[in-house]
Amino acid sequence: MRRSDREVTDPKQIRDIIDHCTCCRLGFWDGQEVYILPLNFGYEEADGKRVFYFHSAKEGRKIDLIAKAPRVGFELDTNYKLNEAETACGHSARFQSVIGTGTVRFVTEEDERRSALCSLMRHNTGRADWAFPSERLNAVAVYRLDVETLSAKEHA
């Protein structure tokens, strides 16, 4: 990271940044171009490993790319605010962001699918006590991003 004075390394602070984000952008490379998607998400940490969960329709370009090219980059950001100044070059912005890389794979086991969807709902609603009937659970694709690299940045 070029600006090490803005780097966030404290795991609790990184978790706080992620908790305040509402969108995770996944970037796929299909061999010819980059395909970037904004997605809502759930997030879990266990045994020092970070995992993001997503869901969507069972078909489409991202589903094809997960099967074909599961290595991705990701980005989240929050708390953007323009710091105004008298001159254009004096303006700056405050923000918090997280970027990284990882591998996406489909979640096929029913208990993990339910847990993943509860994680999404907890992140978006604050509640985790949701029920998912089997027919609804089976109507969506559920996938996870296993984080391999991650860095966080904050500019106040």
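Keep in mind that this is a model prediction, so the values were computed, not measured.

Cut-offs applied
Residues numbered from 1 in each chain as written. Predicted model: local features only at pLDDT ≥ 70, side-chain atom pairs only at ≥ 80, totals over all residues. Heavy atoms only, no water. Helix = DSSP H or I, 4+ residues; strand = E, 2+ residues; numbered from the N terminus. Buried < 20%, exposed > 50% of the residue type's maximum accessible area, 1.4 Å probe, protein only. Pairing = 2+ DSSP bridges. Phe/Tyr/Trp six-rings, centres within 6.5 Å; stacked < 30°, edge-to-face > 60°. Salt bridge = Lys/Arg side-chain N within 4 Å of Asp/Glu carboxyl O.

**A look at the overall build of the chain**
Here is step 1: Scanning the chain from N- to C-terminus turns up four helices and eight strands.
Here is step 2: Its helices and strands in sequence order give the chain the pattern β-α-β-β-β-β-α-β-β-α-α-β, from N to C terminus.
Here is step 3: Within the chain, the fraction of its 156 residues that count as buried is 37%.

**Looking at the pairing of strand E7 (residues 92–106)**
Here is step 1: Bridge count for strand E6 (residues 71–83) against E7 is eleven bridges, and the pairing is antiparallel. Residue pairing across strands places Arg71 opposite Thr103, the latter belonging to E7.
Here is step 2: Here E7 runs beside strand E8 (residues 141–155); their pairing, made up of twelve bridges, is antiparallel. Looking at E8, one finds that Val98 is bridged to Ala152.

**Here we look at the packing of aromatic side chains**
The geometry of an aromatic ring pair is captured by the separation of the ring centres together with the interplanar angle, meaning the angle of the planes.
Here is step 1: Overall, the coordinates contain five aromatic pairs when judged by the stated rule.
Here is step 2: The interplanar angle of 65° and the centroid separation of 5.6 Å between the aromatic rings of Phe41 and Phe52 together place this pair among those described as edge-to-face. Of the two residues, Phe41 sits in the loop between strand E3 (34–39) and strand E4 (42–46) while Phe52 sits in strand E5 (residues 49–56), which places them eleven residues apart along the sequence.
Here is step 3: Ring centres of Phe106 and Tyr143 lie 6.4 Å apart, and the angle between their planes is 80°; on these two criteria the pair is classed as edge-to-face. Of this pair, Phe106 sits in strand E7 while Tyr143 sits in strand E8, and the two are 37 residues apart along the sequence.
Here is step 4: Classification of Tyr143 as buried rests on a relative accessible area of 0%.
Here is step 5: An aromatic cluster of three or more residues is present, and its members are Phe41, Tyr43, Phe52 and Phe74.

**Looking at unusual backbone geometry**
Here is step 1: Even without glycine at this site, Asp47 takes up a positive phi of about 55°.
Here is step 2: Of note, Asp47 is situated in the loop between E4 and E5.
Here is step 3: Judged by relative accessible area, which is 77%, Asp47 ranks as exposed.

**Comments concerning the pattern of salt bridges**
Here is step 1: Summed over the entire model, instances satisfying the criterion amount to 13 salt bridges.
Here is step 2: As a salt-bridge pair, Glu75 and Arg25 come within 2.8 Å of each other at their nearest N and O atoms. Remark: Arg25 occurs in strand E2 (residues 24–29) and Glu75 occurs in strand E6; sequence separation between them is 50 residues.
Here is step 3: Assessed through its relative accessible area of 30%, Arg25 is described here as partly exposed.
Here is step 4: With a closest N to O distance of 2.5 Å, Glu112 and Arg144 form a salt bridge. Of the two residues, Glu112 is situated in helix H3 (residues 110–125) and Arg144 in strand E8; the sequence distance between them amounts to 32 residues.

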